[in-house]
Amino acid sequence: MFQLHEKINRGGIYIIAEMSANHAGKLERAMAIVEAAKEAGADCLKIQTYTADTITIDCDAPCFQIHGGLWDGYNLHDLYMEAFTPWEWQPRIKEYCEKLGLDFLSTPFDSTAVDFLSGMNCEAYKVASFELVDIPLIEYAARLGKTMIISCGMGTKEEIQDALKACHRVGNDDVVLLKCCSEYPTNPENLNLATLTDMQAFGVPLGLSDHSMGYIADVMAVAQGACVIEKHFCLSRQEKSQDSAFSMEPAEFKAMVDAVQKAALMRGKVQYGPTEAEAEEYKCRRSLFAVQDIPAGTILTNENVRSIRPYDGLPPKYLPQVLGKTAKVDIAFGTPLSWELVE
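Only a predicted model underlies this, so the values are computations on that prediction, with no experimental measurement involved.

**Some points on the overall build of the protein chain**
Next up, step 1: Summing up its helical and strand segments, the protein chain has 13 helices and ten strands in all.
Next up, step 2: Its C-alpha radius of gyration of 29 Å places the protein chain more than 25% over the 20 Å reference for a compact globule of 343 residues.
Next up, step 3: Considered along the principal axes of its C-alpha atoms, the protein chain spans approximately 100 × 40 × 40 Å.
Next up, step 4: Sorting the 343 residues of the protein chain into buried and exposed places 47% on the buried side.
Next up, step 5: Look at the contacts in the protein chain between residues 6 or more apart in sequence, and 65% of them connect residues 24 or more apart.
Next up, step 6: Carbon and sulfur atoms make up 53% of the accessible area of the protein chain, which totals about 16700 Å².
Next up, step 7: Side chains of the protein chain carry 31 positive and 48 negative charges; the gap between the two charge centres is 8 Å.

**Some points on the pattern of salt bridges**
Next up, step 1: One pass over the structure, following the stated rule, counts 13 salt bridges.
Next up, step 2: The residue Asp218 makes a salt bridge to Lys231 at a minimum N-O spacing of 3.5 Å. Here Asp218, found in helix 10 (residues 216-223), pairs with Lys231, found in strand 8 (residues 228-232); they are 13 residues apart in sequence, far enough to count as distant. Pair check on accessibility: Asp218 and Lys231 agree, each one buried.
Next up, step 3: Several salt bridges converge on common partners, so that one network encompasses Asp210, Asp218 and Lys231.

**Brief notes about the UniProt feature "domain: AFP-like" (unreviewed entry) in the protein chain**
Next up, step 1: With numbering matched to this structure, UniProt assigns "domain: AFP-like" (unreviewed entry) to residues 287-343.
Next up, step 2: In residues 287-343, the share of helix is 7% and the share of strand is 14%. The end C-alpha atoms are 19 Å apart.

**Remarks on the pairing of strand 2 (residues 44-49)**
Next up, step 1: By the criterion of burial, strand 2 is predominantly enclosed, with six of the six residues buried.
Next up, step 2: The alternating pattern of strand 2 places Cys44, Lys46 and Gln48 and Leu45, Ile47 and Thr49 on opposite faces, both of which are buried.
Next up, step 3: Between the parallel pair strand 1 (residues 14-18) and strand 2, the chain is carried across by helix 2 (residues 27-39), and the sense of this crossover is right-handed.
Next up, step 4: By the bridge criterion, six bridges tie strand 2 to strand 3 (residues 103-108) in an arrangement that is parallel. When the bridges of strand 3 are listed, Leu45 appears paired with Phe104.

**As for the packing of aromatic side chains**
Next up, step 1: Evaluated as defined, the whole model comprises ten aromatic pairs.
Next up, step 2: Consider the rings of Tyr50 and Tyr80, whose centres lie 5.6 Å apart with planes at 80°: the pair is edge-to-face. With a gap of 30 residues between them, Tyr50 in the loop between strand 2 and helix 3 (52-55) and Tyr80 in helix 4 (residues 76-83) connect regions that are remote in the sequence.
Next up, step 3: One aromatic cluster is present, built from ring pairs that chain together Tyr50, Tyr80 and Phe109.
Next up, step 4: Geometry around Tyr311 places Arg285 over its ring, the cationic atom sitting 5.6 Å from the centre.

**Regarding helix 8 (residues 157-169)**
Helical geometry: 3.6 residues make up each α-helical turn, so side chains three or four residues apart lie on a common side.
Next up, step 1: Here helix 8 contains 13 residues, and its C-alpha end-to-end distance of 18 Å stays within 8% of the 18 Å for a straight helix at 1.5 Å per residue.
Next up, step 2: Contacts from the buried residues of helix 8 go to helix 7 (135-142), strand 5 (147-151) and strand 6 (175-180).
Next up, step 3: Phi for Gly171, located one or two positions after helix 8, is positive at around 80°.

**A short note on the domain arrangement of the protein chain**
Next up, step 1: In terms of domain boundaries, the protein chain breaks down into domain 1 (3-267) and domain 2 (276-341).
Next up, step 2: On a C-alpha basis, the centroid separation for the pair domain 1 and domain 2 is 61 Å.

**What about helix 4?**
Next up, step 1: Taken as a whole, helix 4 has its buried residues at His77, Leu79 and Ala83. Projected onto a plane normal to the axis of helix 4, the buried residues spread over an arc of 160° and lie on a single side.
Next up, step 2: Near the N-terminus of helix 4, the side chain that reaches the backbone nitrogen of His77, with its oxygen 2.8 Å away, is that of Asn75.

Procedures and definitions
Residues numbered from 1 in each chain as written. Predicted model: local features only at pLDDT ≥ 70, side-chain atom pairs only at ≥ 80, totals over all residues. Heavy atoms only, no water. Helix = DSSP H or I, 4+ residues; strand = E, 2+ residues; numbered from the N terminus. Rg over C-alpha atoms; globule rule 2.2 N^0.38 Å. Buried < 20%, exposed > 50% of the residue type's maximum accessible area, 1.4 Å probe, protein only. Contact = heavy atoms within 4.5 Å. Areas by Shrake-Rupley, 256 points an atom, 1.4 Å probe, with all protein chains shown as cover. Lys, Arg positive; Asp, Glu negative; His and termini not counted. Charge placed at Lys NZ, Arg CZ, Asp CG, Glu CD. Salt bridge = Lys/Arg side-chain N within 4 Å of Asp/Glu carboxyl O. UniProt positions renumbered as here; feature names shortened; annotations may be inferred. Right-handed = clockwise from strand over helix to strand, strands pointing away. Pairing = 2+ DSSP bridges. Phe/Tyr/Trp six-rings, centres within 6.5 Å; stacked < 30°, edge-to-face > 60°. Lys NZ or Arg CZ within 6 Å of the ring centre and 35° of its normal. Expected span 1.5 Å × (residues − 1). Domains from an automatic or database assignment. Arc of directions from axis to C-beta. Polar contact = N/O pair within 3.5 Å; in protein donor to acceptor, adjacent residues only side chain to side chain.

In structure tokens form, the structure reads like this:
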């Protein structure tokens, strides 16, 4: 059973470890990444389901060339030929995830990938930021009725709304939106995490697909209501792949998991007034006390009545009303004031 909703309904943070190209073409490394992700505290292991020919075409036209960034100089087809996860591996990876108690998730990039993953009985589908605008693909996956996790990198409000409407049109309301910046790695000034608060208007669970280094962004996202965190995961950045430069190593990932779960606990719920943990301290609030012996008939003044700790007397806001009144009875030093004691 896909554990996302169970986890977030308990107030936890659902953590996705993105393998992507970090297997570097070796199945044994892919399996080692699954093991390491489980040990580091991930709830889910994510891969991508495409081939170079299902995601692009083999063309040398200028628009198919990458300029700048990590993949500068690559032709798109060549990049995806190196980075893809062989489809024959994927049932084995899913089976191993399930054996270890990890959810399995993949991003399909065309209808054949959706069909392939459906044949594997996948319980959720991830839509990548670049495919946010591929409404036919989103509808095709969403009509299966499974959880749709949609990254919103580069997306306008209208484009995000279009993707949501596509899911709703085919009867699927089980959608999670992930704030994302499609810069690899993402510079802190480009994260714009304040967008998460605005995204609450979409009325669905929110998360962060994070390509920044470290985990400050993830803690901040959780503080703003994110309940899903996705991070690229590798065994070591020294083992080079197309995605290793912006991926987390196991120890870093584990520290991130601990930090975001603590952030979720700290975020808590809307709370006014004392918590149960504050009950004893609540008694030390200030209130009005007799600070001298006050014989019956004596006028109450700033000399014989003060606001002090603890909280057994009248709240301090009533001091102006108490001053000038007369003691009904003898009031001993250290007595908390009540309305019954004054005229």
